[in-house]
Structures are given as structure tokens and as C-alpha cells.
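Reading the structure
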4 protein chains.
Amino acid sequence: MQLGMVGLGRMGANMVRRLMRDGHTAVAYDRNQEAVAQLAGEGATGAATLEEFVAKLDTPRNVWLMVPAAVVDATLADLVPLLDADDTIVDGGNSYYRDDIRRAKEVAERGIHYVDAGTSGGVFGLERGYSLMVGGDDAAFRRLEPVFASLAPGVEAAPRTPGKAGELHPGEAGYLHCGPAGAGHFVKMVHNGIEYGMMAAYAEGLNIIKNADVGLREHAIDAETAPLTDPEAYQYKIDLSAVTEVWRRGSVVASWLLDLTAAALAEDPDLDGFSGRVSDSGEGRWTALAAVEEGVPAPVLTNALYSRFASRELDLYANKVQSAMRAQFGGHAEKRA
Amino acid sequence: MQLGMVGLGRMGANMVRRLMRDGHTAVAYDRNQEAVAQLAGEGATGAATLEEFVAKLDTPRNVWLMVPAAVVDATLADLVPLLDADDTIVDGGNSYYRDDIRRAKEVAERGIHYVDAGTSGGVFGLERGYSLMVGGDDAAFRRLEPVFASLAPGVEAAPRTPGKAGELHPGEAGYLHCGPAGAGHFVKMVHNGIEYGMMAAYAEGLNIIKNADVGLREHAIDAETAPLTDPEAYQYKIDLSAVTEVWRRGSVVASWLLDLTAAALAEDPDLDGFSGRVSDSGEGRWTALAAVEEGVPAPVLTNALYSRFASRELDLYANKVQSAMRAQFGGHAEKRA
Amino acid sequence: MQLGMVGLGRMGANMVRRLMRDGHTAVAYDRNQEAVAQLAGEGATGAATLEEFVAKLDTPRNVWLMVPAAVVDATLADLVPLLDADDTIVDGGNSYYRDDIRRAKEVAERGIHYVDAGTSGGVFGLERGYSLMVGGDDAAFRRLEPVFASLAPGVEAAPRTPGKAGELHPGEAGYLHCGPAGAGHFVKMVHNGIEYGMMAAYAEGLNIIKNADVGLREHAIDAETAPLTDPEAYQYKIDLSAVTEVWRRGSVVASWLLDLTAAALAEDPDLDGFSGRVSDSGEGRWTALAAVEEGVPAPVLTNALYSRFASRELDLYANKVQSAMRAQFGGHAEKRA
Amino acid sequence: MQLGMVGLGRMGANMVRRLMRDGHTAVAYDRNQEAVAQLAGEGATGAATLEEFVAKLDTPRNVWLMVPAAVVDATLADLVPLLDADDTIVDGGNSYYRDDIRRAKEVAERGIHYVDAGTSGGVFGLERGYSLMVGGDDAAFRRLEPVFASLAPGVEAAPRTPGKAGELHPGEAGYLHCGPAGAGHFVKMVHNGIEYGMMAAYAEGLNIIKNADVGLREHAIDAETAPLTDPEAYQYKIDLSAVTEVWRRGSVVASWLLDLTAAALAEDPDLDGFSGRVSDSGEGRWTALAAVEEGVPAPVLTNALYSRFASRELDLYANKVQSAMRAQFGGHAEKRA
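Residues numbered from 1 in each chain as written. Chains lettered and ligands numbered in written order. Predicted model: local features only at pLDDT ≥ 70, side-chain atom pairs only at ≥ 80, totals over all residues. Heavy atoms only, no water.

On to the sheet that holds strand β2 (residues 25-29) of chain C. Strand order across the open sheet formed by eight strands is β3-β2-β1-β4-β5-β6-β7-β8 (chain C), with mixed pairing between neighbours. Every interior strand has two partners, whereas the edge strands, β3 (45-46) and β8 (175-179) of chain C, have only one. Inspection of the sheet shows strand β4 (residues 62-65) of chain C paired to strand β5 (residues 88-91) of chain C by four bridges, in the parallel sense. Paired with C:N62 across the two strands is C:T88, which belongs to β5(C). On the sheet, helix α5 (residues 97-108) of chain C packs against β5 and β6 (113-120) of chain C and is oriented at approximately 150 degrees with respect to β6(C). Contacting β7 (131-135) and β8 of chain C, helix α9 (residues 240-247) of chain D crosses the sheet at an angle of about 145 degrees to β7(C). (Pairing = 2+ DSSP bridges. Helix = DSSP H or I, 4+ residues; strand = E, 2+ residues; numbered from the N terminus. Contact = heavy atoms within 4.5 Å. Axes fitted to C-alpha atoms, helices over the stretch in contact; angles between N-to-C directions.)

Here you go:
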């Protein structure tokens, strides 16, 4: 079928490529005309303006937005007036699901369908396929299902779960209609929250192994420094790259994130290329907000997020407050680095 | 080569089977003579007593213990006097690595080698192989390497990491000599700590999705109940089993633990077969102890552990203290379930 | 000066009493006419309806709302049409500060001032005074300052901070103009967040002391139970009530919350009167939301909140997920209580 | 009565002064003879050597050690051979309670009593008195009780808890016999753990207020930066020093630590004199170890400890691991400071 793609960054462009490989056609638009020209050279129909883009789409139109979350509303403001009733808009980016709920209502006033498609897979999606978590009304989902099916990795990407056989169950093809507007981005949001937790779990564990040699180092002996009770128990120098390799095979913690960690450590075991300031891009925060608002505990996911904040020194004033208290009650002078 | 196995529970027996399949021979001993008879029927040499077990082993002997951590010392007390210099003992169970350091010193006084082999793979190890994290002296490791190679899944269990080709790097075969005595169990300990963190990450995330319908439920309106600010944002009823399926294919959070979660949810989506009391068996605690003693933060791993404690109501008195404070300062009566 | 009070529950009624003791006059209204009659008997001017209430107030009117956060908007809907430009409304309850921002804008359209006054002090406020955190425009704050001054404990409630002498600095009298609309409830919100953290700190610590006898108890020896490495280190039976008494005198952790804990333990050392289900009433959640949105780590405050959620078993499904995973990979059967 | 004091640092010297003020006599020893001369000038009996110190004490001797935890064992090695059966040693420093258990057994072989006295009060103890948590046998405790009574603040340091009247209950005088050897330092350890939690609670809360102006700052709009959903909700510039003053009077979070925080903010509201590297000195770690070993959750206390570790960048490798993963799966380049 035909899909219109707005936003031809790494994600959008690769999704167009994956669709065309699977026999679909695409109309492609981006403010950056070089990106349009590049994809046109690969077989897509390019468009120089949003008006031209809309004109080149068969009706009812199917428009997929793959733009930064911060510009979705601005893009919709330009796009929606050009569309007709029964057209469908898919937001494939990292929008906050509450924005989906609002937007779906807004465009529904014009008879337009709104679909939110949380997309996981990153730079590997072109070859591996994208895991798609979809929200929106049934009609729109069904209409776009051929697109989802081509973008997704397919059932063969993982062995079928024991007890599942025959006709595919929901989700097994690598895409899932999660529910009404926002449900797709809700599930994608939690997916990323879990990702934060898993990443922190590996990171903390590897840091504990990295510091298993602490007993070999010199320690200050003063009232400001906690003593190391058993230095002889911390005398290991362990090859972290090799550890990730052994865990990749047969262990309970094997995962794709571990594969990627092994790849990073194979290139640079001490990770000297990184400063340790870990960004966060919204979903981890929203997951924590959802946990708090629902009233369910999420200490692992939230602490993973907070560790990222601390890695960027957003805890600085809090730490100064504690040093100041220590100076007050104990006359403790702060130890500098 | 020949290996002696002491302890023929699920893990020990399956390891013997996996070794025999790969051409090794085994002498097998367990207090439970039925377990011995079972394995003897499958080709192992059975032994009725520890003395007979030792007598049937070629020298220098290689003895693998696969017994509960709590009985390793008692087993060693019986076994060591029967062994000779240059024999090797492998502890393949879940010992605390500090016990390895001590035991290695103790048996070294008699010229005996001690190897600690952290083993991951669970009930799937017979078919998938076991991920082996090994500590001990070089000579002993090398002597036992054919055994490790047969027990491990082998390099083909995972695609080789980009940049790794040709001769295998350490760990790629699925077993790794991590360092001197205790290093194997140290790495296995942290492995389990990470496992706790990952499990909690999935569990918390699925719980957030499970409760995405909180806006549909009735809420008390009183001073003891936090208001739900935006009930319309929490109106989703999402199929958790389907979510795990879609994540298994192409997403960043794909993992073996997720595969197992999908299997559990396929059987019983509401997990009614479980009461929610999550056990912990040592390694998660030891990982937290190591983090604290090394002085490295491990909030994710430690909170995952603490959540298990709380699941067993080990926080009861702490909670009563808080309810008591609230009663004191605000006259708040506790809301019962 | 004259103040109108809407809401004569424990907090509102006591605030009227404290104001009258200090020479102010009050017009009092509540839906519950018994509450009105009670206060009228103590010297306040009672009102049978909101209309009568408004009519009895001198202009420009000063109306203090002391009603549950969930009914503030409904109360305003009835009240605001009866008021005139330059009247002032104070919300002294536990509103979310974002609601203050909205309400201040709404009533400003009619020329009415809106003041948010976060109030701490609980059932002890009548005698000890209330700590008041105030938001709103300067004119309204200044107009109401005599009321704040009478409600607050006054500077003598605590020794002046070293270096502060002479004229009172902001906050020293026990009330503070924190900033524009919402600022008062923002500071009160964080105050409660800190309260959660402190309460949990005491509760966790006392629970650790309570369980210092764990080495005296019997332990299962099986693969589902973490071994207690050094039982001889946990053989203490410690009098918790006495511990709180000794900490109240001269220690770094002395506080009013500790005084209250001591009072609770003096009545009931085992706290048998409590079930351990700890309520939360909004501010702790909002504090966590603010931390996440600001991007600053708040692990202590947020984990204190999550522990309350867990105390009410809102982690149940998450725990079942973990038990289910353990059953899958290790064949672990859940241990029941 | 007479007490011998070994270690005349700030704590030891002030304790001698407080004892002498109350009519006791003291023999004072320190390697630093200036410290000895100073106290001798104030009325103590100075000693130039440990031998002389012991010789000047009446039998049975009472020797109080006030030396760094790291040198207690070395001091005991010199001191114990000089003592006789029925003498008593008090360790008033910050020893790990497990060392007390061991030391008590060791000196008991020579008939010597061992008392551990956890001491809180810091630099304010001379005037306010010291909160004393004592472990050891009954006879030794009773013999030293006059010393404890003089060092402690006394019952009048806090209002008696409602329901307590007449004869003093345990702990009310400001010292407490907590149990056998180690019990005093166990309770002091948890006291410090709670202190960490409370300090972090205030610090996190003040940091949230400090950053209530985040909506006024410029934000990058890119895929590496989480969007600020409601900038208009974070536009407050709040006077933190004034906030601590208002909380000190009538609020639920009033405490001595808050008094000290107010003092620090009065001197330096932005705390520019501090770098934010928060030391930890043992007890916070031991508290976490106890929680883990007992199997009781302590997320607040442990996360407070971990935040201190992170303030000293002990999470650096963990953070690099996470940045490396993000680079792998998403092509995310790390944002530098």
C-alpha cells in the first residue's frame, strides 16, 4: 500500500526503505530537501512542500509522522488543514501519550483518524525490524496493518512461546494494537522505563565488578573515610569485556542490551570515549510519573532515572546541603577530589 | 575426561548427562542412592559411599560439588581427608565467594586445588548449556577446561560480537576464567544481582501497564487518600501477554527473561497461581553487600532486593511505625484493607 | 482584624480559636451547622448559609477556606459569585500548587485576590501554632499578615539561628511569603515530601533494630532461603521505646517526629494497634512529580513514597511477575507465608 | 568518680571537661602531649605515657577510649597488657559493633570488662551533653553509670513523653544500656543510618525548591533532552534560608538537623563554600549491611548512602556503560557539560 512519511531522519528514512523493500510505495517529505532527494533516488516519491506531499497521496491518505516529539504539534498545525475526513495520521515518534489523547480528540473533530505508534529498534530497525506498539481506533489500525506488518520483525524474530502455535496471537508478529489513542505510546513509554532499569542494572553490576580491586588501592585513614573492613576480599582485576561475552551464552541475564554492551566493551574496555553524563529523553520520566500517579511502586525504574540525573550533577545543591550539615554538627571539612 | 560429581539434584544430574553426551565419563555420588542408580542407568559410574566415589576416580582426581551452599563445608569435611595432593575440587553451587577464598586456602595446605564455578542456566542448562564463571589457579582451570567447554553452550550460542573474529576471545565459548579463588562466584554473584534488577524492571513496568486502568476504578474521597488528578489518562485495559510478545521482537528490552515472562503470561495472564512472595537466595544480598563495601552506588540492584523483602512483609514494623506517627501528628486513623 | 472561615473541621475550627485568642474576630461557616453553633458559642459570628457568611464580612472581605482539597473548586464555584473586587480568598488546605496557579488566574478576572497558605502543625497547631507557607500577590499577603502572625508560632518557638538578631528575617516569625500564586503550597508540598522521607528513615532504622534478634530465630535451610552468614552478630533484643527516649536527648536525630514516635511507642511498644498500611494523601506524590519534572534526583523522598504504596500491596502484580519468572527459569516454587 | 581518658581530640577533651564540671576527676592521656598539657591546665591529671596513665588510675580502673575506630585495636594491644582483672575499658568511638563483640570476648579472657558507648552530639556535646548508647555487661554499666549520667544531657533536655512521669524510664536521662557487647554501637550505627536518611530528605527537598525556577531557564530542544512539559509551573525563585526558618517553627519537619541547616544557609545561602562531595564514615554502610543481612528493606537509608557515593563520582564507570549502550542502540552521542 501507499504511505506518506513526514520526517526523513535516520528513523523515518529507514522505515521508508524497509517498507519499499517489502513492496509498499512511499511519498516522502522533509524540510531538508537533501533527505527527500536521497530517498527519491531510492524509489520513493519526493515532495518539496507539505501541500505537494498531501496532493501526491491517494485518498484516504495515510500519513506517518517521524519527527521530534517537540515539533509534532507544529507539524500537525500545518498538516491537518490540508487533510480530509477519513485520512489517518500516525505519530511514530516519542510523544507523551497524553498528547496523543488530546490530539486524537482534536483531529477527530475533522473526521481524521489518529494513530500513535511507539517504535523500538533504534538504528538496527532497518535490518531487524521495528517493534511497534500501536494505539488508536480499530478501523485505522486495520487499515494500516500491512504497513505495521512490514515494519515489524515478524513472528520468526523469536521462537514462539511454549503453548502458542498455529494462528498468530496478538503481538507475535512484532506489532500490537494496544488500545485506544495513547495506548501505543503508553506501552512504549513503559518499555523505555524498563530499558532504563535494565541498563542501570547492567551498569551497576559491571561497576561492582570493575571495583572488585578496591582492596588493592590505598585508603585514607581518617574520620572522613569509611574503612574497608576486608581488603583481602576485594583484590580482583576482572576482564569486563570477557564477562559480558560469557553472560551472553546460556546465562539468565542474556539480552540484546547485553549484546550491545559487549560490543561497546570490545571497542573500548575502559569506555574512555565517554564522560559518564547520561541523557534522558522523556519516556523514563513519564514512566515514573505514571507510577506515582497510579500509586504503584517503581523503585528500580525511578532510581535508574535518578541516577541519570545525578550523572549530570543535578544533585549538586542537595550534596552541598549535606556537606554543610556535616560541617555544622561535626566540624567535618569537606574532602575535595 | 573423567569427572566425579557429588550431588545429583536437578543441576548436578543434568550436568553429568551433558558431559556424557559430549564423550566424558563420570563417577556419580549422592546420599540419595536412587539418584545414583538413575544416573548409573544412564551410563555413569555410581558410588555408594564417598570412599567408594574417591576410590573410583583416576588420579589426579577432579571432583565437582553440586550441593546446597549451606552444606559445602560439611561435604568438604568428609571429602578432603580422602583426597590427595594435586587433586582438584570444584564448587559449582552458589557459594559466597568469601567462603571460596577461605576454602581455597584451607585445602591448599594439603596441596589440593580449589575451583569455584558460578553456574547460570537453570533448568534449561541441559539443552542450552551452562554459562560458567570460574575462579581458581591457572593449572586447575586448564586441567578442567574440557569439562567447562562441554558444559558451556559454546560460541555459537550467540552471534559473535562485532569486531571479534577468528580465535575465540576469553568468555566467548560460554565459560570464563575470571581470576583467583572466589572470582568465579564473585562474577556469578553480580550476575544474579543484575538478574534481580532486570526482573524488577520488567515486573514494575508490567505492573504500571496493569494499573493503567486506575482511572476506571472508584476512589475514596477523603483526607487519607491521594486524589487521582487525571483519571481520563488512566483508562487503558492492556493485554500484558501480548505486550511481552511484541517486545520480544525487535525491541530494546528483548531478553531471555522476557521470553520466560511471556511463557508465564501465556499460561496464566493474571498470575493467579502466585501469591507474590518473592524469595531471595543469597547472591542478591551479597551483591548489595559488595556495592556498599566497595563504596559504589547500586540503587537499582539494592532496591530490587528490598522489594523482595517487602513482598514478604519484612517491612511490617517499619510500616506500623509510620502509621503510628501519622496517628500522632494528624490524628489519622489507619485505613484497613 | 476580621477573618471569614469556611470549613470548621479540626483544622479550621482550631485556627478560628487561635485567632480569637489573639484578639481577632471571625465569621464562621460550615455545611455542618453543629460546627457553626459550637464556634458561635465560643465567640465567633456564625453563618447559616454562604450568602449570610459573605454578608457578615466587612469589605474588602478576607475568606479563608479550610476544606478538603477535593472540594475547593466546588466551594469556589459557590463562593466567588458572592464576592466583590478586592476581596481575598485564602486556600489553607492541601491543594496541589498547580491548582492554585489556575485558580488565582480565574478569580483575578473578577479582581479577587487568591492566596495559598500551606499549613503545617496538625492537631497540635492550636497550642503550638501553625507553620505557614504562603503564596500570592504582595498586597494580599500584607493585608492578611496580622492573621498569619497570630496563627504562626512566633519567633520564640525556636532559638534564633546564630547570626540572626534584631529585626526578624523572613520566615522567622513562623510564616513566610514564599512567592506568587502556588509558591506557598509548593513549599508545603516539599515539606510533606521531606516528612515522608524522615518518617521512613526512622521507620527503617527502628525496623533494623527490631530485627537485630534475627540470629536467634530458626531459619529454613533450602535453596529458596538466603542463609544468615553470621547469626551470632544478630542476637540483640533492644527496647525500642527506650531507644527513642535516648535519641531525643542530645543526639543528631532529635526532632519533633521522634518525639511523636516516642509517644507512640510509650503507649504500644509493638504497635499492635496498627496494621502497617500507610496512607498517602497527595503531597508526597506531587513532590516526586516535581523532582522528575525538574530533573533532580529525589531517591529518598520517592522511595519513601513507594514504600507506602508497597505497604498497601500495590506491588502485588509486580511481585507475582517475579515469582513467575523464578518458577520459569529455576523451577522455584513460591514459598507461602 | 575517676575516669581515665585515652584520646584527647575534640570529642575526648570535651568529655573530660564535661565530667570535671560535674565533679568527676580525670586522668588524661594522648600521644599528643600538648593536648595532655592543655587538659592538665584545666584540672585533669595528665599522663606522659600509657604506663603512667594506668599507674595513676584507682583500681578497679575505668578507661575510656576516644580514638579513631581504625586505631582501637592497636590501642588495645598496648593498653590491655597493662590492665588487671575487673578493670573496665569503654570504647566511646565509632567502632563497628562486630568488633566490639570480638574485643569483649578477647579482653574477657583476662577478666576485663568491655563497654561500647555510641556517642552522639558532635561539637555541641560539651554544652548540650552527649546521647549515649551503651553495650556491655550489667556490672560494668552500673559501675560507669555516674559517668554516663554526667556526660548525657539529662531528662530535662526534652519534655517527658506523654504518659511518662515519676521515676525515669530507661533512656530518659539521655543514656541507655542497650544490651550486651556491641549493642551500644549497633544502636549508634542505626542512629547514624537514620541521620543519613534525614539529611538526604532535607537535601533533596531543598534541591527541589532550589530548582523550582527550571521553567525560567532555556532548554535544548533535541532528542537527547527530555522536554519540560509545563514550564509555567516551574517559575519560582524561593528564599531557601527563609524556608528553613519557617519550618523550624511549628512544622512537622522541625529538628535539630534543620536548625543546623538554617544556620548553614544563614551564613551562605548558595553554599558556595562546598563542592558537594559528601563523605561517609562507616556507620551508614554498616546500617545498610545490617538491613541486607537481616533481610529488612531500608531503601531510604541505603539510597541516602548511595547518593553520597554518587556525589563522589563512584558511579562513573556505571554511567559510562549507560552512555555506551545508548550510543550502540540509538547512535546517541553523549552530551557534554
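Now for the environment of C:T287. Here C:T287 is to be found in helix α11 (residues 283-294). With a relative accessible area of 1%, C:T287 lands in the buried category. Along the chain, C:T287 and C:F186 lie 101 residues apart, while their C-alpha atoms are 8.5 Å from each other. The contact partners of C:T287, leaving out residues within four places of it in the chain, are C:M189, C:V190, C:G193, C:L301 and D:I208. (Buried < 20%, exposed > 50% of the residue type's maximum accessible area, 1.4 Å probe, protein only.)

Residue and element names in this part refer to chain A. Each assigned domain of chain A is listed with its residue range as follows: domain 1 (2-181) and domain 2 (188-330). Here the C-alpha centroids of domain 1 and domain 2 sit 35 Å apart. Of the residues lining the interface, twelve residues belong to domain 1; the matching set on domain 2 comes to nine residues. For the pairing of domain 1 and domain 2, the buried interface totals around 920 Å² over both sides, and the portion due to carbon and sulfur atoms is 63%. On the surface where domain 1 and domain 2 come into contact, there are one salt bridge. Note that E293 and R98 form a salt bridge whose closest N and O atoms lie 2.4 Å from each other. Run the count over domain 1 and domain 2 and you get four residue pairs in polar contact (both at pLDDT 80 or more). Of all elements in the fold, only α5 (97-108) and β6 (113-120) reach the threshold of two or more residues within the side of domain 1 that touches domain 2. No other element matches β6, which puts three residues into the side of domain 1 that touches domain 2. For the side of domain 1 that touches domain 2, the residue count by class is four nonpolar, six polar and two charged. (Domains from an automatic or database assignment. Buried area = accessible area lost by both parts, 1.4 Å probe. Salt bridge = Lys/Arg side-chain N within 4 Å of Asp/Glu carboxyl O. Polar contact = N/O pair within 3.5 Å; in protein donor to acceptor, adjacent residues only side chain to side chain. Nonpolar A, V, L, I, M, F, W, Y, C, P; charged D, E, K, R; others polar.)

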